[in-house]
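Residues per chain are reported as follows:
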Amino acid sequence: MSRHSKNSTAAPIFRYSEKQRLKEYGTIKERIGRDSMKKFDCCHLCLHPVTNPVACPQGHLFCKECIFEALLTQKKEIKRAEKKFEADQKRLLEEEQKRQEEQVAAQIQQMEKLQYGALPQDAIKQPTRDVIQALQDKRPDSLREHKEWIKTSFWVPEQTPTAAPLALVKPSTETCCPVNKHQLRLKQLIDVKMDLVDQSDDTHVNATGPVSAFTYQCYACKKSLNQQKISVLKSCGHVMCTACITKFCLPEGRCMVCNQKCKDKDVISLEESGTGFSSHNKVESSTYLPAFQG
């Protein structure tokens, strides 16, 4: 056996080692680490730390400038789609009017030919459906068999499908969230207020990592907001741990920071930071490519 026998690709079968070398075919999976996860305080659009943070009713965090620009772009696209829809409607109406005018002109021309004797008197009479069916029933069996054969023969030109005209659908006039496409308007955005970590404070409570790795902390327990369950109060916009809101705010019915009234429906869960552990979040990314038929 030569020393290059393992790299030989001239075998009549496709071996497992050769399939492993084909990285551009089939499903490619890769485990991703913490560095590839979105941080809690990063915008869903620009992926940078948020500036003037706002949140949608489903807890997606954005920079105010980014989400305003995204919604404005959607409104421009909606206006463009509405103009195109109106133009298509006008075009279809003109085509229908033109078809009706041509039909009337053809009938007038036929009547003129009949009046001047160019056509027999029964030329304008159209056979009814019953007459057509009766004539078809009187055909020889060979013709009926031929028609049945055509029905089951998709390759015959008579059986070639034709593209049906596309029905016009009125475009939606509602803007949506860029993350999961739920309906979103500017007035539904919540101004988020987060407590910035004092980097010079050595007494800061941090249970998950170095203080320099985090930016914001909980108003109640002063722990860094990163991988725990995080929520925002819709009524006032203060961000705290979900456990602190459940323990301190909901029993009193007021925010512990601004003393504003809040209810259970005002608590909106935010997306926490990702980790490299599969028990906390999805850590495997997949890319689907055409499969190799070997």
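Preceding this section is the structure that the text describes.
Residues numbered from 1 in each chain as written. Predicted model: local features only at pLDDT ≥ 70, side-chain atom pairs only at ≥ 80, totals over all residues. Heavy atoms only, no water.

This part is about the overall build of the protein chain. Check the secondary structure of the protein chain and you find five helices and ten strands. Here the protein chain, with 294 residues, has 26% of them falling under the buried criterion. Partitioning the intrachain contacts of the protein chain with sequence separation of at least 6 by distance along the chain shows that 52% fall at a separation of at least 24. Total accessible area on the protein chain stands at roughly 21,700 Å², and carbon and sulfur atoms take up 53% of it. (Helix = DSSP H or I, 4+ residues; strand = E, 2+ residues; numbered from the N terminus. Buried < 20%, exposed > 50% of the residue type's maximum accessible area, 1.4 Å probe, protein only. Contact = heavy atoms within 4.5 Å. Areas by Shrake-Rupley, 256 points an atom, 1.4 Å probe, with all protein chains shown as cover.)

The next thing to look at is the pairing of strand E7 (residues 230–233). Two faces, one strand: in a regular strand the side chains alternate between the faces of the sheet. Where burial is concerned, the two faces of E7 agree: the one with Ile-230 and Val-232 and the one with Ser-231 and Leu-233 are both buried. Strand direction decides the pairing type here: E7 and strand E8 (residues 239–241), joined by three bridges, are antiparallel. Bridging across to E8, Val-232 finds its partner in Val-239. Counting the residues that bridge the hairpin from E7 to E8 gives five residues, and of these Gly-237 lies at a positive phi of roughly 90°. Of the strand pairs in this sheet, E7 and strand E9 (residues 267–270) are connected by four bridges, and their pairing is antiparallel. Residue pairing across strands places Ile-230 opposite Leu-270, the latter belonging to E9. (Pairing = 2+ DSSP bridges.)

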